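Here is what each chain is made of, one letter per residue.
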Amino acid sequence: TRSQRTKGKNAWYKAVIIITVLGITAIVALVTTAVLQNKPLLQKYKYGIVLDAGSSHTAVYIYEWPAEKDNDTGRVQQTHSCKVQGAGISSYSVFPGQAGASLKSCMKEAESLIPLSRHHETPLYLGATAGMRLLRMENQSLSDQVLWSVEEVLRSSPFSYQGARIITGQEEGAFGWVTVNYLSDRLKQGSGTTGALDLGGASTQISFVANQDVAEESAENAVTFRLYGNDYFLYTHSFLCYGKDQALKLALAQQTQSGDSSVLDPCFHPGYSVDRSYFSVYSSPCVMAGKPLVSRDSFTHVGAGNASLCQEVVRRIFNFSSCSFSRCSFNRVYQPPLQGPFGAFSAFYFVMNFLNLTSGSLESSREKLERYCSRPWTQIKQQHPDVKEKYLAEYCFSGSYILSLLTDGYNFTSDTWTDITFIKKISGSDAGWTLGYMLNLTNMIPAEAPDTPPLPHVGYVTLLFFISLLLFFLLFLCFRFLRPRRNSQTQMI
Ligand SMILES: Nc1ccn([C@@H]2O[C@H](COP(=O)(O)OP(=O)(O)OP(=O)(O)O)[C@@H](O)[C@H]2O)c(=O)n1
Ligand SMILES: [Ca+2]
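Source: prediction; values computed, not measured.

Frequently, the measure chosen for interface size is the accessible area that the parts lose on association. Domain annotation for the protein chain reports domain 1 (2-38 + 471-492) and domain 2 (244-422). A straight line from the C-alpha centre of domain 1 to that of domain 2 covers 84 Å.

This is the structure we're talking about:
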């Protein structure tokens, strides 16, 4: 009976070892499967191209996103941008047929960057902004010819051409807002959003979430979006002619009304002196005031370098005289109370970054600008030999214009000034309307929140591991309690 007992014990030990080994193998296999199952496969990408045909230049943006996750927020990003040589497409009004040719080298670059197999399914859009809006106002036939010319070139590319059009100021403002909030991952979370401030050469846009009254008070400034299951009521406005190049023309037109042979301009550095033609100032449809009735064709533009006087000059290009709404920004345009924070991009960034004014209080920005504007033109040129003279000469004006637009125009104060962040890129993608425009046209932001599994992946694997461990332990306990009873019975016999 003793050998019987030892035999039984040995068999029992063998069973325990086999069960332990099998149990551990099963747990390891289970967890490995759970981990591997969700491991991303070799990443494949899809692509989209948007051409931003601005008033001062055209840029080609290439976006990419993981092929199997079309609807996932934050997944679309800019992989490349190409700056088209020369001025914006609206400047080809003299030879409209040549507008398309200017895009060719950037389009070739896009062909070489996007994998061949994806070319035919890559959507391609062109959106033109304020420069083309102004050309259309002046001469619709010329603006049509420019669009046909770019269309011809884009159609002949291997990509899936989706159209070239002049987008509205409302779209430009609203999609800039979508871009900024998509890139900062604020949409899916449903948390607070960021307003968007865009300054171009010919127009400027302001967009922020306001309450639903906007639609009642001024329907043309209201845009609603339903994104990831959240409703957003946006206020947006685009001021045509208030981009920084057109604003400079407005300011110069104000100062040349007397028709004098020279103008002492506080917005340019002391020692700056350039001959300008009256035509170059008054040729834009933005300049309402007529060209003064003088026989001379040009005037001498002389700098006086005084930022506070410049702000007074600039303030005169806004009309604050009347408002038929509860409140206005300027030019009789409705604007609800500001709701921050704000991201200010494109020329807001270029200019403020150049002037080192991207941080600090409104007062310190004013002081710094005052010092910068008063510096002699020769000194400024010496300090920045590689900046184009045309750009360099205008930074004092542009800085003063931006301060005046944001404070006198949009009503930012010393307190709310710090709500504004001057930005160029967010997570590697340029801030601007193009990304939002593409996301919208490709339906890449769903109206409803996508269904997500109740547990995150790590939680799921951990839970699975502990449940298997528990089962294994229970099995082990069963064996342990079964054995002694059978043994004692044998002993009694
Ligand atoms: N490094 C740079 C790049 C551009 N600019 C100027 O910034 C202004 C606006 O540029 P941008 O935002 O590119 O305007 P566009 O998109 O061309 O114009 P719009 O949006 O009005 O059509 C232009 O006067 C341009 O000359 C600048 O000062 N410094
Ligand atoms: Ca622009």
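Another aspect to go through is unusual backbone geometry. Of all residues except glycine, most have a negative phi; of all peptide bonds, most are trans. That bond from Gly 340 to Pro 341 is cis: its omega, -5°, falls within 30 degrees of zero. Turning to its location among the elements, Pro 341 is positioned in the loop between helix H9 (307-315) and strand E13 (342-346). Backbone geometry at Cys 241 places phi at a positive 80°, although glycine is not the residue there. Examined against the element boundaries, Cys 241 turns out to sit in the loop between strand E9 (230-240) and helix H7 (244-255).

A separate point is the packing of aromatic side chains. By the definition in use, this model includes 30 aromatic pairs. Aromatic pair Phe 354 and Tyr 395: ring centres 4.0 Å apart, planes at 10°, arrangement stacked. Residue Phe 354 is found in helix H10 (residues 347-354), and its partner Tyr 395 is found in helix H13 (residues 389-409); the two are separated by 41 residues along the sequence. Phe 354 sits in the partly exposed class, given a relative accessible area of 22%. Among the residues examined, Tyr 395 registers a relative accessible area of 12% and is labelled buried. Taking 6.2 Å as the distance between ring centres and 50° as the angle between the ring planes, the aromatic pair formed by Trp 417 and Phe 422 counts as tilted. Here Trp 417 matches Phe 422 in class, with each residue buried.

With that out of the way, let us pick up the site of ligand 1. Of all residues adjacent to ligand 1, which total 19 residues, the nearest are Ser 55, Ser 56, Thr 129, Ala 202 and Asp 245. A distance of 2.6 Å is found between an oxygen atom of ligand 1 and a side-chain nitrogen or oxygen belonging to Ser 56. Ala 202 places a main-chain nitrogen or oxygen 2.8 Å from an oxygen atom of ligand 1. If ligand 1 stood free it would expose 620 Å²; the protein chains cover 86% of that surface. In terms of residue class, the shell around ligand 1 is built from seven nonpolar, nine polar and three charged.

Here we take up the packing of H9 against H13. Taken N-terminus to C-terminus, the directions of H9 and H13 make an angle of 60°; their axes are 9 Å apart at the nearest point. Relative to H13, the element H9 is oriented oblique. Classified by chirality, the crossing of H13 by H9 is right-handed. Contacts from Ala 307, Cys 310, Gln 311, Val 314 and Arg 315 in H9 reach Phe 397, Ser 400, Tyr 401, Ser 404, Thr 407 and Asp 408 in H13. Taken together, the residues of the contact of H9 with H13 break down into five nonpolar, four polar and two charged.

When H10 is considered as a whole, its buried residues turn out to be Ala 347, Phe 348, Tyr 349, Val 351 and Met 352. Looking at the buried side of H10, the elements it contacts are strand E6 (195-199), strand E7 (203-209), H7, E13, H13 and strand E14 (420-422). Downstream of H10 by one or two residues, Asn 356 has phi in the positive range, about 60°.

So, about the side chain of Glu 394. Its place among the elements puts Glu 394 in helix H13. When neighbours within four sequence positions are excluded, Glu 394 is seen to be in contact with Lys 244, Asp 245, Leu 248 and Phe 268.

All chains considered together, the criterion is met by five disulfides. Across a sulfur-sulfur distance of 2.1 Å, Cys 267 and Cys 310 are joined as a disulfide pair. Residues Cys 267 and Cys 310 are joined through a disulfide that is right-handed, its torsion about the S-S bond being 105°. Of the two residues, Cys 267 is situated in the loop between strand E10 (262-265) and strand E11 (273-277) and Cys 310 in helix H9; the sequence distance between them amounts to 43 residues. We classify Cys 267 as buried; its relative accessible area is 1%.

Let us now look at the sheet that holds E11. With respect to topology, three strands assemble into an open sheet ordered E10-E12-E11, the strand pairing being mixed. For this open sheet the edge positions go to E10 and E11, each flanked by a neighbour on one side alone. Geometrically, the sheet is characterised by an average inter-axis angle of 30° between neighbouring strands, direction not taken into account. Note that E11 and strand E12 (residues 298-303) share five bridges and pair antiparallel. Bridge pairing links Ser 277 to Ser 298 in E12.

What counts and what doesn't
- Residues numbered from 1 in each chain as written.
- Chains lettered and ligands numbered in written order.
- Predicted model: local features only at pLDDT ≥ 70, side-chain atom pairs only at ≥ 80, totals over all residues.
- Heavy atoms only, no water.
- Domains from an automatic or database assignment.
- Helix = DSSP H or I, 4+ residues; strand = E, 2+ residues; numbered from the N terminus.
- Phe/Tyr/Trp six-rings, centres within 6.5 Å; stacked < 30°, edge-to-face > 60°.
- Buried < 20%, exposed > 50% of the residue type's maximum accessible area, 1.4 Å probe, protein only.
- Near = heavy atom within 4 Å.
- Polar contact = N/O pair within 3.5 Å; in protein donor to acceptor, adjacent residues only side chain to side chain.
- Areas by Shrake-Rupley, 256 points an atom, 1.4 Å probe, with all protein chains shown as cover.
- Nonpolar A, V, L, I, M, F, W, Y, C, P; charged D, E, K, R; others polar.
- Axes fitted to C-alpha atoms, helices over the stretch in contact; angles between N-to-C directions.
- Parallel < 35°, antiparallel > 145°, perpendicular 65-115°, else oblique.
- Left-handed = near helix turned anticlockwise from the far one by under 90°.
- Contact = heavy atoms within 4.5 Å.
- Disulfide = S-S within 2.5 Å.
- Pairing = 2+ DSSP bridges.

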